[in-house]
Amino acid sequence: MTTFAPQQARTEAPVPAPGTQDALTVVREPGKPALVQTPPLSTMAEATAWLNARRSEIQTELHRSGAVMLRGLPVTDAATFAQARDALIAERAGYKEKATPRTDFGEGVFSSTDLPAAQPIRLHNENSYTLDFPGVLLFGCVTAPETGGATTVGDMRRALALLPPELVARFEKAGWLLVRNYSDLAGMPWRKAFSSDEPAGAEEYCDAHSIGYEWLDEETLRTRQLRSAIITHPVTGERVWFNHFAFWNARSLDEDVREVLVETFGADGLPFDTRLGDGTALTDAEVDAVNDAYAAVTVRESWQAGDLMLVDNILCAHGRESYTGARKILVAMGEPIPLSDCSPTVAPSTHPYGM
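Residues numbered from 1 in each chain as written. Predicted model: local features only at pLDDT ≥ 70, side-chain atom pairs only at ≥ 80, totals over all residues. Heavy atoms only, no water.

Caption draft 1: Highlighting the overall build of the protein chain. Looking only at helices and strands, the protein chain features eight helices and 21 strands. Relative to a compact globule of 355 residues, whose C-alpha radius of gyration would be 20 Å, the protein chain shows 20 Å and is just as compact. In terms of overall dimensions, the protein chain has C-alpha extents of about 60 × 45 × 35 Å along its principal axes. Counting all 355 residues of the protein chain, 53% fall into the buried class. By sequence separation, contacts in the protein chain at least 24 residues apart represent 79% of the contacts at least 6 residues apart. When the accessible surface of the protein chain is summed, it comes to about 15300 Å², and 51% of that surface belongs to carbon and sulfur atoms. With 31 positive and 48 negative side-chain charges, the protein chain shows a separation of 4 Å between the mean positions of the two kinds. (Helix = DSSP H or I, 4+ residues; strand = E, 2+ residues; numbered from the N terminus. Rg over C-alpha atoms; globule rule 2.2 N^0.38 Å. Buried < 20%, exposed > 50% of the residue type's maximum accessible area, 1.4 Å probe, protein only. Contact = heavy atoms within 4.5 Å. Areas by Shrake-Rupley, 256 points an atom, 1.4 Å probe, with all protein chains shown as cover. Lys, Arg positive; Asp, Glu negative; His and termini not counted. Charge placed at Lys NZ, Arg CZ, Asp CG, Glu CD.)

Caption draft 2: Local environment of the pattern of salt bridges. Tallied over the entire structure, the rule returns 20 salt bridges. A salt bridge links D307 to R71, with the shortest nitrogen-to-oxygen separation between them at 2.7 Å. One end of the pair, D307, is in the loop between β17 (298–299) and β18 (308–312); the other, R71, is in strand β4 (residues 67–71), with 236 residues separating them in the sequence. Residue D307 is classed as buried on the basis of its relative accessible area of 0%. The class of R71 is buried, set by a relative accessible area of 9%. Note that R251 and D288 form a salt bridge whose closest N and O atoms lie 2.8 Å from each other. Of this pair, R251 sits in the loop between β15 (239–241) and α7 (255–265) while D288 is found in helix α8 (residues 284–297), placing the two residues 37 residues apart along the sequence. Using a relative accessible area of 26% as the deciding quantity, one classes D288 as partly exposed. (Salt bridge = Lys/Arg side-chain N within 4 Å of Asp/Glu carboxyl O.)

What follows is the structure, encoded as structure tokens:
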């Protein structure tokens, strides 16, 4: 298993540019993602030409660090962000089995999330519960918040190494189980999540994507899906912790929020909940151990207008700090990867374990 020495000081490491004499300078500081300061680029034509020329080097650094922030680009709106996306990402990826509200700006560009500013978002890998998922995410800052609001990132190779070995072994064998309750009262309505106005459309999607389902009434859908908690990056060959287990576990909710949800919907009616793949509920201490690993690997950098951050969605999880003031962060998803290409330790299934 790969081990990582803690960073002790700021370093500047050149990444060799194939066929050229100069190199991309990457700044690495403790507690921050890798950062590249771009040269002065006054137009998007100049910016996209530079990104295209440096794309291979940026990709090399992305596989090394998991996330790379690019600072100094003239990205000012959804259109210029899309131009930068097209210079960095070869193939767009869709947003499936939707879980949070987003604004769609067209051309595969979305708001990062429309959740309230006061609500922090824990680290997670985008669409870890789907049968194919974005291999790469691109975030871009149009308007920086007054305070807070960083898009946090964390290396999931390191997180896996930090978890208790016995807990890793259990997840490796059993996987993780996700239960969702879709309704108009809490969470995401099934029509939005599955992009269908008819129950048959949601059922067809579930049947095709190894998701078990039952209708509790005409408007309330419950689904169950068993997924691998540990996968292998198809390019680097590294094993990573890749799931939403702690993110959506009831233990991770604020206590007051959890009490209200349980009182309103019952313990089995929460919008999201998770268990070990064999249906076992983990102890509070075991869920806390997963969240502690996330906390230990979390790094952050405050947004500046024009910043981009490229994230390898398998190697690196992402989240969001709470913030004040206006904040406009865009996101695009790309380079879709089938789960089957990632050596899952557990096959995806509609396993009907109850909650």
